[in-house]
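Coordinate inspection notes
One-letter residues, chain by chain:
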Amino acid sequence: MTSVNGQYLQGFVVPVGTANKEAYRDMAASAWPMFRDYGALSIMEAWGEDVADGQVTDFRRAVLAEEDETVVFSWIVWPDRATCDAASERMRTDDRMKPDGPMPFDGRRMIYAGFAPIFQADR
């Protein structure tokens, strides 16, 4: 199946210490130029505001979020999967991927995956 406009999305769900909100935002903002250089079309970082507890599963349980953590949902839009895959490979050796200090989140509990859009509607 070919995705809408050939685009490809990488999606992420990650627990972030609530006190680290600005550090996380700053990290994401500073990473954008690198993603753009590798061909990303856009990036979105969304801070959990109404993340309900489910009866069977939910975002908080999925990432084992603790009481003092907020769930972040983010995605990167790529023109196609080939561009995303090539960027991922090149980023492994890019010094810009090395953190300047401690990471504002626990990457071991991050969920990430790639998605091919099958429907898109705009205003």
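To start, this report covers the structure provided alongside it. Just so it is clear, the model here is predicted, and its values are computed rather than measured.

1. Quick word on the sheet that holds strand β1 (residues 8–17)
What the four strands build is an open sheet, ordered β2-β3-β1-β4; its pairing is antiparallel. Each having just a single partner strand, β2 (42–47) and β4 (111–115) make up the two edges of the open sheet. Across the sheet, the axes of successive neighbouring strands diverge by a mean angle of 15°, strand direction being ignored. Bridge count for β1 against β4 is five bridges, and the pairing is antiparallel. Looking at β4, one finds that valine 13 is bridged to isoleucine 111. Lying over the sheet, helix α1 (residues 21–37) contacts β1, β2 and β3 (69–78), oriented at roughly 170° with respect to β2.

2. Some details on the side chain of serine 74
Considering the arrangement of structural elements, one finds serine 74 in strand β3. With residues up to four places along the chain from it excluded, the contact list for serine 74 reads Gln10, Gly11, Phe12, Tyr24, Met44 and Glu45.

3. Here we look at α1
Taking 1.5 Å per residue, 17 residues should reach 24 Å; α1 reaches 25 Å between its end C-alpha atoms and fits that length. Roughly 30° is the biggest bend found in α1, and it falls at alanine 31, with proline proline 33 one to four residues downstream. Within α1, burial applies to Tyr24, Ala28, Met34 and Phe35. In the core, the buried residues of α1 are packed alongside β1, β2, β3 and α3 (81–91).

4. Overview of a negative patch on the surface
Taken together, Asp53, Glu66, Glu67 and Asp68 make up a surface patch of like negative charges. The topology assignment puts glutamate 66 in the loop between α2 (59–62) and β3.

5. Examining a nonpolar patch on the surface
A surface patch of nonpolar side chains, about 250 Å² in accessible area, is lined by Val51, Phe59 and Phe73. Here phenylalanine 59 shows up in helix α2. With a relative accessible area of 43%, phenylalanine 59 lands in the partly exposed category.

6. Some remarks on the pairing of β1
Within a regular beta strand, the side chains point alternately toward one face of the sheet and then the other, so they alternate between its two faces. Of all ten residues in β1, nine are buried; the element is thus mostly enclosed. In this structure, β1 lies alongside β3, joined through ten bridges in antiparallel fashion. Counterpart to glycine 17 in the pairing with β3 is glutamate 69.

What counts and how
- Residues numbered from 1 in each chain as written.
- Predicted model: local features only at pLDDT ≥ 70, side-chain atom pairs only at ≥ 80, totals over all residues.
- Heavy atoms only, no water.
- Pairing = 2+ DSSP bridges.
- Helix = DSSP H or I, 4+ residues; strand = E, 2+ residues; numbered from the N terminus.
- Axes fitted to C-alpha atoms, helices over the stretch in contact; angles between N-to-C directions.
- Contact = heavy atoms within 4.5 Å.
- Expected span 1.5 Å × (residues − 1).
- Bend = angle between axes of the 7 residues up to and from the residue.
- Buried < 20%, exposed > 50% of the residue type's maximum accessible area, 1.4 Å probe, protein only.
- Patch = residues over 30% accessible without salt bridge, like charges linked within 9 Å, V, L, I, M, F, W, Y side chains within 5 Å.
- Areas by Shrake-Rupley, 256 points an atom, 1.4 Å probe, with all protein chains shown as cover.
- Salt bridge = Lys/Arg side-chain N within 4 Å of Asp/Glu carboxyl O.
- Lys, Arg positive; Asp, Glu negative; His and termini not counted.
- Charge placed at Lys NZ, Arg CZ, Asp CG, Glu CD.

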